[in-house]
Structures are given as C-alpha cells and as structure tokens.
Amino acid sequence: MKYNRVVIKVGSHVLTQDGEIARERMQNLVELIALVMQKGKEVILVSSGAVAAGFSLLALNRKNVTNKQVLAAIGQPLLLKMYQEKFAKYEMLCSQVLLSADDMDSKKRTALAKSAIDKLLEHGVVPIINENDVIAIEELVFGDNDQLSASVSYNFKADLLVILSDIDAYYDKDPRKFEDAKALKEVSTISQKELHAKPTANNEFATGGIVTKLKAANFLLEHDKKMFMATGFDLSDVKSFLLDDIHKGGTLFKR
Ligand code: ADP
C-alpha cells in the first residue's frame, strides 16, 4: 500500500438506512480500517451519523436545525459506542475528536489537535472525527463533512482522502439523470463551472452533495494532495485501491 496516512470520510447516506445506523455497513467499514492498519498504516475516520443515531433514541422532527443539534448531541455518544464495540472485535481502540471547521483557522488549535491525533495513531488508536454539531451547524446544514475531511487531510498531513459516497465514482454528468454518463477514473483539474454549480433543473453537475466533494477535491489538488472517491455500499473498489494498489472502480483526483 502506497499511502501512509489516510483519512476516510463516510457520509450519512452510507452509514444510515431508514433513518437508523446501518450496522452491517459500519461493520464492513471498521473491518476495512482494521485491515489497513494491520498493514502498519494510519487511518483517521471522519464519520457522520450522529443525527441518525440520536433519532433512534428520540424521534424528533429532523427538519428543524435545533432538533438536529439535539439529536446529534444525543446520538454522538451512541455512534461512538457502536464504533467502539465494532473495533473491539479487532482488539482495537477508537477515539472521539470533535472539531469545527473554524478550529482549523487557528494555527494553535490545529497544532494541538494534530499532536493529539499523532499520539492516538502512534498508539494504534483510530481517531473518529466529527464536526461539533452543537456549536457548528455547517455539516448539518451543508456539506456533510466533505469540507471538514479535506481540511483534516491537509492539516493532519494525510497522503490521501478517501470519500465513501452513495455513488461509485465521479461522472462527466449526473448519472442519475443521464444514462450515457461516464465514470471518470482520474481527474486532475476541476473547472469553475463544476465548482460553482447551483442546483437548477438543467444543471447536470449540481445534484446531491457532489459539489461539496468537488470543492474538497479541488482544495486537495491545490495543495498537491490526492482524493479517492468510491462507493461506501460495497467496499471492494476501495479495498483493492488501498490494500492491493489496484484501481478498479472509483475516481482518483490527482494532479
Ligand atoms: P454522500 O451522501 O455520499 O455524501 P451525496 O448524495 O451528497 O453523497 O452526493 C452524491 C450524489 O451526487 C450522487 O448520488 C449523485 O446523485 C449526485 N451527482 C450529481 N452529479 C454527479 C456526478 N457528475 N457524478 C457523480 N454523482 C453525481
């Protein structure tokens, strides 16, 4: 495996099913992380899912932002408990690191967070990062941690960001709307049009969260880092990419 330190970001579409945590997919993700770490590599996980976990305990209306904050506050410890139980099967520890994007505007706070994360990894402990949803609602409202994971990758000196999405690759146009859309294997530049696409009926780029992923990729490309986007529903593409250095499915963004 080429990469020494990898950030893996998993979105809520992958981690939840019918409003609850998708336990089997979480189990598969934990297994992947364990396999990567067994190769002597370091993994930082950026995980959504706190709101869904909270909802399984208290069914508040999730359309309201304050309710989402409340559900995240209830769900975050449950989410971590579920991860802890799954990592325990591999005799591994995981840990909770709550950050807000603003924290990384401060060199001092970034340095403090980095030394804690470096130490956790030195002890073989998986840092599980999420936005601190009670005070930072960006993730709840917009990007589902895509931007946070890009900043985490850059600031904590990872070689690669892996985004596990509900789609298997980045396409030349929205594959859910265009049957002839083609999956792109490698992307080295992202156009202004793709980056600033606004959701309109005939804008093929602006559906779903693809724009926030492209922004994350663009930021990393500008800093000479790489991003790999693949499906989080079936981990075989990301497994062969990370563990065997074989690029089957998924899109690699690199300069
Ligand atoms: P996640 O929940 O995994 O973070 P999102 O659902 O927010 O992901 O974003 C991925 C979605 O973006 C895809 O399922 C697809 O519907 C949509 N999409 C729009 N344009 C594209 C494109 N060019 N390539 C891939 N997906 C696209």
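Keep in mind that what you see is a predicted model, and the values were worked out from it rather than measured. (Residues numbered from 1 in each chain as written. Predicted model: local features only at pLDDT ≥ 70, side-chain atom pairs only at ≥ 80, totals over all residues. Heavy atoms only, no water.)

What about the pairing of strand β6 (residues 126-131)?
The side chains of a regular strand alternate, first on one face of the sheet and then on the other. Counted residue by residue, β6 has six buried out of six residues, so it is predominantly covered. With two bridges joining them, strand β4 (residues 42-47) and β6 adopt parallel strand pairing. Bridging across to β6, Val-46 finds its partner in Ile-129. Taken together, the six bridges between strand β5 (residues 94-99) and β6 define a ladder with parallel strand orientation. For Gln-96, the partnering residue across the bridge sits in β6 and is Ile-128. Note on the crossover from β5 through helix α5 (residues 107-122) to β6: the handedness is right-handed. (Buried < 20%, exposed > 50% of the residue type's maximum accessible area, 1.4 Å probe, protein only. Helix = DSSP H or I, 4+ residues; strand = E, 2+ residues; numbered from the N terminus. Pairing = 2+ DSSP bridges. Right-handed = clockwise from strand over helix to strand, strands pointing away.)

Notes on the nonpolar core
Counting residues in each nonpolar core, the largest one holds 41 residues, and the members touching the most others are Ile-8, Tyr-83 and Leu-242. With eight residues, helix α2 (residues 23-38) is the largest single contributor of residues to this core. With near-sequence residues (within four places) excluded, Tyr-83 lies in contact with Val-10, Leu-15, Met-26, Leu-29, Val-30, Leu-45, Ser-47, Cys-94 and Ile-128. Counting residues in each nonpolar core, the second largest holds 36 residues, with Val-7, Ile-44, Ile-117 and Ile-210 among its members. (Core = buried A, V, L, I, M, F, W, Y, C linked by side-chain atoms within 4.5 Å. Contact = heavy atoms within 4.5 Å.)

Let's talk about the site of the ligand
Near the ligand lie 19 residues; those nearest to it are His-13, Tyr-171, Arg-176, Gly-209 and Lys-213. Contact distances for the ligand include 3.0 Å between an oxygen atom and a side-chain N or O atom of Ser-165. In the environment of the ligand, an oxygen atom lies 2.8 Å from a nitrogen or oxygen atom belonging to the backbone of Gly-209. Protein burial of the ligand: of its 570 Å² of free accessible surface, 95% is covered by the chains. (Near = heavy atom within 4 Å. Polar contact = N/O pair within 3.5 Å; in protein donor to acceptor, adjacent residues only side chain to side chain. Areas by Shrake-Rupley, 256 points an atom, 1.4 Å probe, with all protein chains shown as cover.)

Considerations on the packing of helix α7 (residues 146-155) against helix α9 (residues 210-222)
As a packed pair, α7 and α9 sit with axes 8 Å apart at the nearest point and diverge in direction by 15°. Relative to α9, α7 is oriented roughly parallel. The chirality of how α7 crosses α9 is right-handed. On the side of α7, the interface is formed by Asp-146, Gln-147, Ala-150, Ser-151, Ser-153 and Tyr-154, while α9 contributes Thr-212, Lys-213, Lys-215, Ala-216, Phe-219 and Leu-220. Considering only residue class, the contact of α7 with α9 consists of five nonpolar, four polar and three charged. (Axes fitted to C-alpha atoms, helices over the stretch in contact; angles between N-to-C directions. Parallel < 35°, antiparallel > 145°, perpendicular 65-115°, else oblique. Left-handed = near helix turned anticlockwise from the far one by under 90°. Nonpolar A, V, L, I, M, F, W, Y, C, P; charged D, E, K, R; others polar.)

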